[in-house]
Amino acid sequence: MIEFLQQGDICEIKGQLRQIEVIDLWPKRQELFTDSTQVLDLSALEYADSAGVAFLLELVSLGKSSKSTTQPRRLAHPSKHLKRLIELYDLESFFLEN
């Protein structure tokens with residue numbers, strides 16, 4: 001199970017983000033948080049596979065096309081597991097410095 005908890009301009013993503021969740025979430029990806037969301041907080045994300053990481057990057061790119069968003073959306077607080085994937089795929093530019 002995966003949850004998106006909106007708190008101001010931060011959306012906390014909680015649970016596991018695997019291919020099965022991505023398949024369910026893909027059609028409603030633009031409705032998961034508000035246009036004003038600037039940060040996707042991954043501190044409560046227990047696990048993400050490669051499909052989950054690709055989905056997170058898609059969520060970041062949705063912010064770039066939003067007219068009400070003035071700054072690019074960023075990911076923050078990845079787990080150790082996610083940090084390994086970030087380094088492996090050279091995705092540091094999508095994350096806030098912690």
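Please refer to the structure placed before this passage.
The rules we used
Residues numbered from 1 in each chain as written. Predicted model: local features only at pLDDT ≥ 70, side-chain atom pairs only at ≥ 80, totals over all residues. Heavy atoms only, no water. Helix = DSSP H or I, 4+ residues; strand = E, 2+ residues; numbered from the N terminus. Buried < 20%, exposed > 50% of the residue type's maximum accessible area, 1.4 Å probe, protein only. Contact = heavy atoms within 4.5 Å. Areas by Shrake-Rupley, 256 points an atom, 1.4 Å probe, with all protein chains shown as cover.

Attention now goes to the overall build of the chain. Summing up its helical and strand segments, the chain has three helices and five strands in all. If you list the helices and strands of the chain from N to C, you get β-β-α-β-β-α-β-α. For the chain, buried positions account for 43% of its 98 residues. Once local pairs closer than 6 in sequence are excluded, the contacts in the chain between residues at least 24 apart make up 67%. Taken as a whole, the chain presents about 5900 Å² of accessible surface, with 50% of it coming from carbon and sulfur.

This part covers the environment of Phe55. Turning to its location among the elements, Phe55 is positioned in helix 2 (residues 50-65). In sequence terms Phe55 and Arg18 are 37 residues apart; their C-alpha atoms lie 9.3 Å from each other. Excluding its chain neighbours within four sequence positions, the residues that come into contact with Phe55 are Phe4, Leu17, Val22, Leu25, Trp26, Arg29 and Leu32.

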